[in-house]
Amino acid sequence: TDDDSAGFTLAETGGETRVYETGSTDTFTIVLTSEPTNTVQFNVTSVTTSEVIATTSSVTFTAANWNTPQSITVTGADDLLADGNTTNTVTVSINTTSTLDPVYDLVPSQNQSVINNDNDAVGITAVPTYGSLVDETGTTTTYTVVLDSLPTGNVIIDAVSGDTGELTVSPGQLTFTPANWNTQQTVT
C-alpha cells in the first residue's frame, strides 16, 4: 500500500513573511511531499502587485531535488497610499504545461500571506516663499501646498486668514485629486 501523496508544503522563514514598501525582500520555502515521476514546475504570482511582487516567478522540482526546500522571494512595492500595513496573497500553483508528472498536475494551488509595511503617511506640506513678508501697502507673497501621500479620493484644503482685517488669502480652497496630489499648488 502506497502511503505517499502528491503535494507540497510552504513554510515561512522567520515566523512570518514580511516586506516593506521601500523594496525590501523576504522569502518562504516550498518543498514537495513525495518524489515525482518527472519534472514538477510551479508558478508563483502575487494577487496584488501594487503591494507585493513575486520576485521568484517559478520553481522546478525533479526526482533528484524533490525533498530539498527551495526559496521563493517576494519584494515590497511602494503604492504611495497611506493605507497602513496590508496583508497580501501570493499564490503558488502547478504549471500544468511544464509539469510532466500527471499525479502532480492535479495538486491544488496554495496561498502564502505576505505583510507589506506601509511607508506613507497622511499629511500636507506647506512651504513659504523665502522672506515671505507682507505689509499694509498691499504687497503679496506666496506659499506652496502639496499632499504627502496619494489619496483615495479628492482632498479639499481650506486656506484661511486668522485675521481678515490684516491679511487675505487667495484662493480660499485647494483641491487635490489622486491625479494631482503631488503637484504643488500656490496660495497668495
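Residues numbered from 1 in each chain as written. Predicted model: local features only at pLDDT ≥ 70, side-chain atom pairs only at ≥ 80, totals over all residues. Heavy atoms only, no water.

**Digging into the side chain of Ser-161**
Position of Ser-161 among the secondary structure elements: in the loop between strand 12 (155–158) and strand 13 (173–176). Within the structure, Ser-161 has its side chain in polar contact with the backbone oxygen of Leu-167 (distance 2.7 Å). When residues no more than four places from it in sequence are discounted, the contact partners of Ser-161 are Leu-167 and Val-169. (Helix = DSSP H or I, 4+ residues; strand = E, 2+ residues; numbered from the N terminus. Polar contact = N/O pair within 3.5 Å; in protein donor to acceptor, adjacent residues only side chain to side chain. Contact = heavy atoms within 4.5 Å.)

**Brief notes about the layout of surface pockets**
When its volume is computed, the largest pocket comes out at roughly 400 Å³. For the lining of the largest pocket, a count of residues per class yields eight nonpolar, nine polar and three charged. (1 Å grid on protein atoms, 1.4 Å probe; cavity = no way out; pocket = protein on both sides within 12 Å on 5 of 7 lines; lining within 4 Å. Points joined across faces, edges and corners; volume = space filled by probe spheres on them. Nonpolar A, V, L, I, M, F, W, Y, C, P; charged D, E, K, R; others polar.)

**Concerning the sheet that holds strand 3 (residues 25–32)**
Sheet architecture is open: four strands sit in the order 1-3-7-5, paired in antiparallel fashion. A single partner strand is all that each edge strand has here, and the edge strands are strand 1 (8–12) and strand 5 (52–54). The sheet shows a mean angle of 30 degrees between the axes of neighbouring strands, direction not considered. In the sheet, strand 1 pairs with strand 3 via five bridges, with the strands oriented antiparallel. Bridged to Phe-8 within strand 3 is Leu-32. (Pairing = 2+ DSSP bridges. Axes fitted to C-alpha atoms, helices over the stretch in contact; angles between N-to-C directions.)

**Concerning the side chain of Ser-34**
Position of Ser-34 relative to the elements: it lies in the loop between strand 3 and strand 4 (40–46). Overall, Ser-34 belongs to the buried group, its relative accessible area being 8%. A distance of 3.1 Å separates the side chain of Ser-34 from the backbone oxygen of Ser-5, its partner in a polar contact. (Buried < 20%, exposed > 50% of the residue type's maximum accessible area, 1.4 Å probe, protein only.)

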